[in-house]
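# Understanding the architecture of this molecule
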Amino acid sequence: MNDTLRKALLPSGLSDTLMPDAAFEADMIELMLGAFAAWGYERVKPPLVEFEASLLDGPGGAIAAQMFRVMDPVSDRMMAIRADITPQVARIATSRLRNAARPLRLSYAGPVLQVKGTELKPEREITQVGIELIGSTALAADAEVIAATADALRSVGIAEPSFDLTMPNLVPLVCAAMKLDAETAAHARTALDRKDAGALQALTGLTASQRTVLAGMLSAAGSAESCVGALQAAKLGSAAEALVRDLGTVVSHVRSALPDLRLTVDPVEFRGLEYQTGISFTVFSRGVTEELGRGGRYPLASGETATGATLFMGSVLQGVPARAATRSLYLPFGTTAAQAARARAEGWTTRAALESDASSRSAAAAQGCTHILEGGAPRPLPSRT
Amino acid sequence: MASTNGNGTVVLALPRGRILTEVLPVLKRAGIEPEAEFNDSNSRRLIFGTNRPGLNVIRVRSFDVATYVAFGAAQIGVAGSDVLMEFEYPEIYAPLDLGIGRCHMAVAEPGEMVATDDPTRWSHVRVATKYPNITKRHFAARGVQAECINLSGAMELAPNLGLCRRIVDLVSTGSTLRANGLVEVERIAEVSSRLAVNRAALKTRPDEMRALIESFRAAIHG
């Protein structure tokens, strides 16, 4: 093959988004940001690259291994390309917006770059759309973020998102209350995260009653109300029980706002959410095999607390119903500027002939137009099948 | 392609071969009976219905069960813990040890080598295996770099033909090792078949998936 095609090869995990997908994605992002704006979230736009030390601060530490680094020849300091926007918004909130009134509601959208994709999710450039709600410890804040995220998903046509509530801290608190040694606790946490009942049974260093409590937490996962009930009945230690009470409050807040929302609780999951502290959540949708997004509460470097949500556009778009093709009008050579302007003013997408062609109709079809301007009026072209 | 996602059917992936004969009685006790053609080994079909409406079964290679379930092409499956350990797919939950297909994974080498070999001095080993990830992790944990030669079967031949000295493979009775003059030197893990469930399926259809898991639980404990 020729050299031009060889140069089209992109590094793994990166791709060109073509028409009409690129425009569609941009429209969906705007719709979601609009839904967040309706809840009072204002948009901020941090840069793509920052000093490494700033990106690693606070919630950024957890994804250090996922960031590309590049040396800044101007300052001689190491810069990193963002792998997540949340740490940047957290930095803005605690620095330039430190005097802004709390609670502070911010939204954002933009691409991030990650060092490694996985076999299941090979993309390394991911477009994130999200919100952060900074400076409120109220559980109503956790519920608001979930409800606003559900609204944003509805705005793009994902009618039945499913929110899975988790508490990344719960298993560590329960293990601490049981006074498990660090190694046993780590093994228990991994086995529970993978829902690996076999590994939990095989784990040495647990008493029979401890095993029963952990296995009970594993099997409690499921619809929100029944899981909260099961957890409240279990003896988990005072710190964990307080967290479970918070969970119950968030579930009832969300229920009263959105009675029909599909809400589940997974008390033993913590993957990838190391920096989160209170109630976290993962968003799924039927028919999409990846997470649509994640969110939860995390501490800021300033000592404040924040909660937020991030949606991944690549996954969200898999769940969005396809849009009907847009109508477009072919303007044969010789169409006047006034006629063309009138068609556009009427809402047509126009494609103009730039030189005379043998057959306007076949040129129109080749350009993918649905209509052609003939005798001063748009006429439909036979649809191609 | 059959509808396998969204609101459609649930697909159960089963491993072909040795494990399948152990899985079928469990399925039966769980109240799941594949249509008759499933048991016809001459059938060219790959996807079969069951007595449960909305539940289909597929037969694939044991390594592929994990892949089908991880990608959500099958919502649930029966996979060996060796396969789950090898891939470590974060999208797979293993909520149930089915207690079938029991064996273990071990390092083996020629009997005459054992006498002279001092594993504490190793910095690098070459190993023939179909589990390169497990092998690398196992040796890395004690500071040894493992260079793996990927084979998909008949591992026991490798030391005899000089491909490399050591293998990592599943051992059930040990007779294949003995017949080929190999000695087990280290046990890496116990292996048994697990019920594997796709994470997104469990989150988005919790009641349906939990009912299925419970029927398997009843089948092995009942």
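Residues numbered from 1 in each chain as written. Chains lettered and ligands numbered in written order. Predicted model: local features only at pLDDT ≥ 70, side-chain atom pairs only at ≥ 80, totals over all residues. Heavy atoms only, no water.

## Considerations on the overall build of chain A
Put simply, the rule is: Here a helix means four or more residues in a row that DSSP labels H or I, a strand means two or more in a row labelled E, and each is numbered from the N terminus. Here's how the labels work: a residue is buried when its accessible area is under 20% of the maximum for its type, exposed when over 50%, partly exposed in between, all with a 1.4 Å probe on protein chains only. In what follows, a contact means two residues having at least one pair of non-hydrogen atoms within 4.5 Å. Under the convention used here, a 1.4 Å probe and the Shrake-Rupley method define accessible areas, while residue burial counts only the protein chains that appear. Charged-residue counts in this description rest on Lys and Arg as positive and Asp and Glu as negative, His and the chain ends being excluded. By convention, charge coordinates are those of NZ in Lys, CZ in Arg, CG in Asp, or CD in Glu.
Of the regular secondary structure elements, chain A holds 14 helices and 16 strands. Across the 385 residues of chain A, 46% fall into the buried class. Across chain A, every contact between residues at least 6 apart in sequence was considered, and the portion connecting residues at least 24 apart equals 64%. Counting every atom, chain A has about 18,500 Å² of accessible surface; 56% of that belongs to carbon and sulfur. Computing the positive centroid from 37 side-chain charges and the negative centroid from 40, chain A places the two 2 Å apart.

## A closer look at the overall build of chain B
Each helix and strand in chain B was counted, giving nine helices and 11 strands. Overall, chain B is about 60 × 35 × 35 Å in size when its C-alpha atoms are taken along their principal axes. For chain B, long-range pairs separated by at least 24 residues make up 65% of all intrachain contacts whose partners lie at least 6 apart in sequence. With an accessible surface of roughly 10,200 Å², chain B has 51% of that area assigned to carbon and sulfur atoms. One finds the centroid of the 26 positive side-chain charges in chain B at a distance of 2 Å from the centroid of its 24 negative side-chain charges.

## Overview of the interface of chain B and chain A
Selection criterion: Defined in terms of a 1.4 Å probe, buried area is the accessible area two parts forfeit on being brought together, summed over both. Every case where a carboxyl oxygen of Asp or Glu lies within 4 Å of a side-chain nitrogen of Lys or Arg is listed as a salt bridge. Throughout this description, a polar contact denotes any pair of N or O atoms lying within 3.5 Å of each other; where both atoms belong to protein, one of them has to be capable of donating a hydrogen while the other can accept it, and for residues adjacent in sequence the pair is counted only when both atoms sit in side chains.
The interface of chain B with chain A comprises 25 residues on the first partner and 27 residues on the second. Taking both sides of the interface into account, the surface hidden between chain B and chain A amounts to around 2,200 Å²; carbon and sulfur atoms contribute 51%. Its largest share of buried area at the contact with chain A, chain B owes to B:Arg199, B:Lys203 and B:Thr204, together 28% of the area lost on that side. Where chain B meets chain A, there are seven salt bridges. Taking the shortest distance from any N to any O, the salt bridge between B:Lys203 and A:Asp164 comes out at 2.8 Å. Connecting chain B to chain A are 11 residue pairs in polar contact (both at pLDDT 80 or more).

## Describing the pairing of strand 15 (residues 371-374) of chain A
All names here are of chain A. Heads up, the condition is: Here, strands pair whenever DSSP counts at least two bridges between them.
Note: strand 13 (residues 328-331) against strand 15, two bridges, orientation parallel. Bridge pairing in strand 15 places Tyr 330 opposite Ile 372. As defined by bridge partners, strand 15 adjoins strand 16 (residues 377-380) across four bridges and the pair is classed as antiparallel. Across the sheet, the residue bridging to Glu 374 is Ala 377, located in strand 16. Remark: two residues form the turn of the hairpin made by strand 15 and strand 16, two consecutive strands paired antiparallel; Gly 375 in that turn has positive phi of roughly 60°.

## Overview of the sheet that holds strand 8 (residues 145-150) of chain B
Residues and elements named next belong to chain B. As a reminder, the rule being used: For helices, the fitted axis covers only the stretch in contact; all axes are lines through C-alpha atoms, and the angles between them, taken along N-to-C directions, range from 0 to 180 degrees.
Pairing is mixed in the open sheet, where five strands are placed in the order 8-7-9-6-10. Whereas interior strands pair on both sides, the edge strands pair on one side only; in this sheet they are strand 8 and strand 10 (182-191). Across the sheet, the mean angle from the axis of one strand to that of its neighbour is 30°, orientation sign disregarded. Pairing of strand 6 (residues 103-110) with strand 9 (residues 166-171) involves five bridges; the strand directions are antiparallel. Paired with Met 105 across the two strands is Leu 170, which belongs to strand 9. Contacting strand 6, strand 7 (124-129), strand 8, strand 9 and strand 10, helix 5 (residues 132-140) crosses the sheet at an angle of about 165° to strand 8.

## What to know about the side chain of A:Glu290
All names here are of chain A. Here Glu 290 lies in the loop between strand 10 (280-285) and strand 11 (293-299). Here Glu 290 is buried and forms no salt bridge, its nearest opposite-charge partner Lys 121 lying at an N-O distance of 4.4 Å. In this view, Glu 290 contacts Leu 120, Lys 121, Phe 284, Ser 315 and Gln 318; residues no more than four positions away in its chain are not counted.

## So, the domain arrangement of chain B
How big an interface is tends to be stated in terms of the accessible area lost upon association of its parts. Residue and element names in this part refer to chain B. The condition that has to hold: Bear in mind that the domain bounds are from an automatic or database domain assignment. All residues other than Ala, Val, Leu, Ile, Met, Phe, Trp, Tyr, Cys, Pro, Asp, Glu, Lys and Arg, Gly among them, are scored as polar; the first ten of these are nonpolar and the last four charged.
Per the domain assignment, the segments of chain B are domain 1 (10-101 + 192-221) and domain 2 (103-190). For domain 1 and domain 2, the distance between their C-alpha centroids amounts to 30 Å. The interface is formed by eight residues belonging to domain 1 together with 11 residues belonging to domain 2. Between domain 1 and domain 2, a total of about 850 Å² is buried, with carbon and sulfur atoms accounting for 49% of that surface. When the area that domain 1 buries against domain 2 is broken down by residue, the three leading residues are Asp 82, Met 85 and Glu 86, summing to 59%. Joining domain 1 to domain 2, the criterion identifies one salt bridge. Of the charged contacts in the structure, one is a salt bridge between Arg 137 and Glu 88, with a shortest N-O distance of 3.6 Å. Where domain 1 meets domain 2, there are five residue pairs in polar contact (both at pLDDT 80 or more). Ranked by residue count, the leading element in the side of domain 1 that touches domain 2 is helix 3 (residues 81-87), at four residues. Its residues assigned to classes, the side of domain 1 that touches domain 2 comprises two nonpolar, three polar and three charged.

## Some details on helix 4 (residues 86-94) of chain A
Summarising burial for helix 4 of chain A: eight of the nine residues are buried, a large majority. Of the surrounding secondary structure, the elements contacted by the buried residues of helix 4 of chain A are strand 2 (49-51), helix 3 (52-56), strand 5 (104-113), strand 6 (125-134), strand 11 and strand 12 (305-312) of chain A.

## Things to note about the side chain of B:Glu156
Residue and element names in this part refer to chain B. Following the sequence through the fold, Glu 156 ends up in the loop between strand 8 and helix 6 (157-160). In this structure, Glu 156 is buried with no salt-bridge partner, the nearest side chain bearing the opposite charge being Lys 130 at 9.2 Å. Among residues more than four places away in sequence, those in contact with Glu 156 are Ile 167, Asp 169, Thr 176, Leu 177, Asn 180 and Leu 182.

## Quick word on the sheet that holds strand 8 (residues 222-223) of chain A
Residue and element names in this part refer to chain A. With respect to topology, nine strands assemble into an open sheet ordered 1-5-6-12-11-10-7-9-8, the strand pairing being mixed. In this open sheet, the two strands that pair with only one neighbour each are strand 1 (42-43) and strand 8. In the sheet, strand 8 pairs with strand 9 (residues 262-266) via two bridges, with the strands oriented antiparallel. Looking across to strand 9, one finds that Ser 223 is bridged to Thr 264.

## Some words on the pattern of salt bridges
Residue and element names in this part refer to chain A. The tally for this structure, following the rule as stated, stands at 36 salt bridges over all chains. One salt bridge connects Lys 195 with Glu 269, and the closest N-O pair in it is separated by 4.0 Å. Of this pair, Lys 195 sits in the loop between helix 7 (182-193) and helix 8 (197-202) while Glu 269 sits in the loop between strand 9 and strand 10; the two residues are 74 residues apart in sequence, bridging distant segments of the chain. Looking at Lys 195, the relative accessible area reads 2%, which means it is buried. Assessed through its relative accessible area of 1%, Glu 269 is described here as buried.

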